Amino acid sequence: MNKNTIQYKLIIFLLFFSYVLYAQESTMASPDNHPRIYGNKNAQQNLVKNAEQLEWKKAIVQQKKENIDKYVELCSNEPDWLLSRLQMNWLTKHDKVFLKGGNFSHSEGEAPVPTVRFSGTRDWASNYRFPSLEDLEPYFDDERGMYVKSKETGEMEWVHPSKVGHGIEGINRKIMALAEDAAFLYWLTGDKKYAEFAAPVYDTYIQGMFYREAPVDLNNSNQQRISGLATFEVIHEQIVVSLTLIYDFMFDYLKANGHDMAMSAAVFQKWGDQIIKNGVPDNNWNFFQARFLTYIALALDDNNYYENGKGQQYYLDHTFTTSTDRQIALKEAVGNYDYKTAMWPECASYSMHVTETLLKILTLLDNATNADEFKNFPVVEKATLSSFQYLFPDGDIVAFGDSRHQSLPSESFEYLIANYRKYNKYDKEKKITALYKSLSEDELKHRGRGLFELFFYVDNLVETEEKTKEELITSLTSPTFYAPNVSWFMQRMGSGDNATVVSTFGAMGNHAHANGVAIEMYADNQVIAPDMSKGPSYWHEDHRNYYSRYPAHNTVVVDGISDSEAMRVRHPFTMEFHFPESGDKDNIFKQVTFSDVSFVEPATLAKQNRLTALINGKSGKPYVLDIFRSERPGAENQKHEYFYHNLGQSLKLFDENTAPLSLNVSNHLNTEGNIKAYNYFTDETSVASSENLSAQFKLESAKNPIKNMKLWIKGDQNRTYFSVNGPQSHALNKATVSAEIREAKVPALVIRKDGEAWIKPFVVVYNPYVDGGEKVVAKVAYPEIAENNAAQFINVTHSDGITVDSIVATTSENDVVNLDGFYQKGLLSIKRVSEDDKPDFIFTSGITRYAAAGWEICTFGEPVTTSIESCDKGFQIQNDKPVLIGMPKNLNPDYVEIYENGKLVEKRKGNLNRNNPNRIDFKFEKPFEKAVIVLKK
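The structure contained in this document is the topic of the report that follows.

Quick notes on the rules
- Residues numbered from 1 in each chain as written.
- Predicted model: local features only at pLDDT ≥ 70, side-chain atom pairs only at ≥ 80, totals over all residues.
- Heavy atoms only, no water.
- Helix = DSSP H or I, 4+ residues; strand = E, 2+ residues; numbered from the N terminus.
- Rg over C-alpha atoms; globule rule 2.2 N^0.38 Å.
- Contact = heavy atoms within 4.5 Å.
- Areas by Shrake-Rupley, 256 points an atom, 1.4 Å probe, with all protein chains shown as cover.
- Lys, Arg positive; Asp, Glu negative; His and termini not counted.
- Charge placed at Lys NZ, Arg CZ, Asp CG, Glu CD.
- Core = buried A, V, L, I, M, F, W, Y, C linked by side-chain atoms within 4.5 Å.
- Buried < 20%, exposed > 50% of the residue type's maximum accessible area, 1.4 Å probe, protein only.
- Phe/Tyr/Trp six-rings, centres within 6.5 Å; stacked < 30°, edge-to-face > 60°.
- Expected span 1.5 Å × (residues − 1).
- Pairing = 2+ DSSP bridges.
- Axes fitted to C-alpha atoms, helices over the stretch in contact; angles between N-to-C directions.
- Parallel < 35°, antiparallel > 145°, perpendicular 65-115°, else oblique.
- Left-handed = near helix turned anticlockwise from the far one by under 90°.
- Nonpolar A, V, L, I, M, F, W, Y, C, P; charged D, E, K, R; others polar.

Quick notes on the overall build of the protein
Then, in step 1: In terms of helices and strands, the protein carries 19 helices and 44 strands.
Then, in step 2: The C-alpha atoms of the protein give 32 Å as radius of gyration, which agrees with the globular expectation for 937 residues (30 Å, within 12%).
Then, in step 3: If one aligns the C-alpha atoms of the protein with their principal axes, the spans along those axes are about 100 × 65 × 50 Å.
Then, in step 4: When contacts within the protein are restricted to residue pairs at least 6 apart in sequence, long-range pairs at least 24 apart make up 67% of them.
Then, in step 5: Entry remark: accessible area of the protein is about 37300 Å², with carbon and sulfur atoms responsible for 47%.
Then, in step 6: One finds the centroid of the 101 positive side-chain charges in the protein at a distance of 4 Å from the centroid of its 123 negative side-chain charges.

And the structure:
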């Protein structure tokens, strides 16, 4: 039995044991033992005290009291003021609901009481807006439909319920949230006015759901297997939380004042059964459904109090241990986390939400069992820390797929801190608190606004040695990070104003887009080349036709038709080479990071390859090299289009002599047969050119210096350059990007190549800089070597006018470049020279032999990654496989020092090469973390 099997069986045993203990305790307890979901009598006494002494808790209670008192006053003059605004079948009392796919069709039948109206549509995007609670018509139930305001005209209109998005469920949820707060205030203060306010609303809704049936899809589509009782998706049944908390906080009052408690239990069971029966079993739904099941379970009593046996243990069992066709139990669902990286297999926003939801569920359960439930799911701690790898230097996450730039959820930190405090894990608490304080300055000002925070957050955070946000992110991230289960690779370099990041992503997992191999780029303190994120909704035509399609991303489109499914996508790139190793924070060579990935475009079966490198400048600010190869094998007529979106107000193109190019108004980009995404681009101008060009995006804003992105573009025959404006990016964060920029169209450069783009790929050097700041790059030359069509030669001259990076990139580790004085078999070499022939560094990767200017790197079979960097003693060496390094004798090499675990362990001489008396060879028989070739003084 291996270690993983033993650990897995132990976790299952602990889960089972905690439920047994809980069942024993709760069976002995009275069914009148309420409240118990959030608090109890002791919690009441503590909260009353804390609400007087702790400003952040006092503010939450006071805000809720002021808000509810306003509505209590309205209801004192008109008792049914709030109740009458529930969205119910007041007159018709329909007990049956019928759908047509993701839209409400109609309702019919008759119940003895008004019934709860079902949601309008699965699509939340709507052109209509409901009136405020104050302006809603009481007891509204009209055969003409819904009376709502058009967002376009501002006029009130009658529309079918399927046109109002989530408005119906939203109103009911808002009303029940008010009743929830009132129920809490009744429990906290004992003032019956709050119970009298909440009870009629709760009682009416519970009765209305008791007599109403689950919806039926007339099309018998997949919708039938995902619908809740109130909403089109069981994961949106948020009103369950309010209902169970009202029942829990006001249990004694409801029981004493004529409420049918058995009816409440029956509705909760009905809801739980619907959640168990329906859903999507292979993604995040299991967690979101499990959250609602946990509330239902904790509201109910033991199984033996119900004739059907469906009580606490039944629903907890279906939450944690027993899977069904549509609801996978959490003990099994957590197996979808990557065992190595702890990344959840969805885009970043959803991944973080899954982890935060699991932490919340465990916090709720632990409040009931007091059995340290977190220890049964150790992945949540690792996943919380791994989520730092998503971060750009400004603290926002990457935005591949449906993600957007946002901060890490503060709730995850708070739940961990509360658990560590409860179980005296002081060291862990101090560590996670330090991270939380450094990252979440804004959140710490109020530390929550809801009831959950009141009950489960610790009163005060421990004192810690705080770091700046940049120090924190640096300490928890690495120069590169690879998450195969979402096909995502992150590269970081530089610090402060020099920090530059490239995020490369394919399409793998849930909430992914059809984007091929795409990138986002961060420079000059913001995401300057963003992804577009999702559209108004997943069902909106803008999302389906643009935001989730290739042209909305920084990628290459083949023949105008590159495409694949979106949402559930399995089109990852293949990682061919990368440097440094993912997660390696201790690599001594810090001048280069890169990835080389390959991909087959699904619609055309074109083969593609993208090599993207960050290369450090002399000042510590990097530039970016991007080489994108694309070819449709066997196709005589083919075109490839390189898309690059950059924030800004302008895009200009220049010739090799920096003279501005004149672009003409055109309509050539969107040709017949292209996918619909091309229709979204406006203001098209274009120019044809075969020369090397440069382009410049300029971003101006009131509070920041002008930010520029200069592109140095290798030319080729049959090329057309387009300047267009695309729709706004929905990835941008309101907290970090002004509305002026956030809501503006995003300019894009599109480079069209008629013919293959494999031997003649797209080659671009990106040079971000601010006005008045370090420009890094002075010029870029692209020498053409006729004998080596597949190899790309790039010479980058730095802004000092002296330093030159000579870059040679081929298609694979098997390609050979053989020129007079230069030989390379392998993928990539970068040599930097400043004032003399002595190199600043030589970096090679995917190389079996490299020879230039008296230097030689030879492997013993496998391609190797090697760095040779000038240092005070001579040259610092690092290699990942056995390698022989030959260096010019005239540099006076003396001996080599070998280091292991940071300590000098060996010194040895090199050998004179028997075929070349001008070269000294040093053999490195295994990978060394560090070696230094010491020169004679």
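The structure having been displayed, the exposition proceeds.
A few points about the nonpolar core
Then, in step 1: Ranked by internal contacts, the top residues of the largest apolar core, which has 156 residues, are Tyr38, Phe184, Tyr205, Met250, Trp271, Phe455 and Trp488.
Then, in step 2: Of the residues forming this core, the biggest block, 13 residues, is contributed by helix H4 (residues 167-189).
Then, in step 3: In this structure, Phe184 is in contact with Leu47, Val61, Phe249, Leu451, Leu454 and Phe455, ignoring residues within four places of it in sequence.
Then, in step 4: Ranked by size, the runner-up nonpolar core spans 59 residues in total, among them Tyr547, Val557, Phe573 and Tyr721.

Concerning the packing of aromatic side chains
How two aromatic rings sit relative to each other is set out by the distance from centre to centre and by the angle between their planes.
Then, in step 1: The full count for this structure, using the stated rule, is 57 aromatic pairs.
Then, in step 2: Look at Phe579 and Phe843: their rings are 4.9 Å apart centre to centre, the planes differ by 55 degrees, and that puts the pair in the tilted class. In this pair, Phe579 sits in strand E17 (residues 574-579) while Phe843 sits in strand E35 (residues 839-852), placing the two residues 264 residues apart along the sequence.
Then, in step 3: Exposure remark for Phe579: the relative accessible area of 8% places this residue in the buried category.
Then, in step 4: Since its relative accessible area comes to 0%, Phe843 is described here as buried.
Then, in step 5: Residues Tyr644 and Tyr766 carry aromatic rings whose centres are separated by 4.7 Å and whose planes lie at 45 degrees to one another, so their mutual orientation is tilted. In this pair, Tyr644 sits in strand E21 (residues 639-645) while Tyr766 sits in strand E29 (residues 757-770), placing the two residues 122 residues apart along the sequence. Residue Tyr644 shares its accessibility class with Tyr766, and that shared class is buried.
Then, in step 6: An aromatic cluster of at least three residues, connected via ring pairs, comprises Tyr38, Trp56, Phe184, Trp187, Phe249, Tyr295, Tyr415, Phe452, Phe455, Phe456 and Tyr457.

Focus on helix H14 (residues 410-422)
Then, in step 1: Here H14 contains 13 residues, and its C-alpha end-to-end distance of 19 Å stays within 8% of the 18 Å for a straight helix at 1.5 Å per residue.
Then, in step 2: With 10 of 13 residues buried, H14 lies mostly within the body of the structure.
Then, in step 3: Regarding H14, the residues found buried are Ser410, Ser412, Phe413, Glu414, Tyr415, Leu416, Ile417, Ala418, Asn419 and Tyr420.
Then, in step 4: Next to the buried residues of H14 lie helix H12 (348-369), helix H13 (379-386), helix H15 (426-439) and helix H16 (451-456).
Then, in step 5: With its phi angle positive at about 60 degrees, Asn424 sits one or two positions after the end of H14.

Points about the sheet that holds strand E24 (residues 682-688)
Then, in step 1: The strand order E15-E21-E28-E27-E24-E23 describes an open sheet built from 6 strands, whose pairing is antiparallel. Two strands in the sheet have a free side with no partner beyond their single neighbour: strand E15 (556-558) and strand E23 (664-665).
Then, in step 2: Sheet topology note: the E23/E24 ladder contains 2 bridges and is antiparallel. If you follow Asn664 over to E24, its bridge partner there is Ser686.

Concerning the packing of H14 against H15
Then, in step 1: Axis separation between H14 and H15 bottoms out at 9 Å; the angle between their running directions is 155 degrees. Relative to H15, the element H14 lies roughly antiparallel. The way H14 lies across H15 gives a crossing that is left-handed. Residues Ser410, Phe413, Glu414, Leu416, Ile417, Tyr420 and Arg421 of H14 lie in contact with H15, whose contacting residues are Lys428, Glu429, Ile432, Thr433, Tyr436 and Leu439.
Then, in step 2: Residues that form the contact of H14 with H15 fall into these classes: 7 nonpolar, 2 polar and 4 charged.

Spatial relationships are all this shows, so hold off on functional conclusions.
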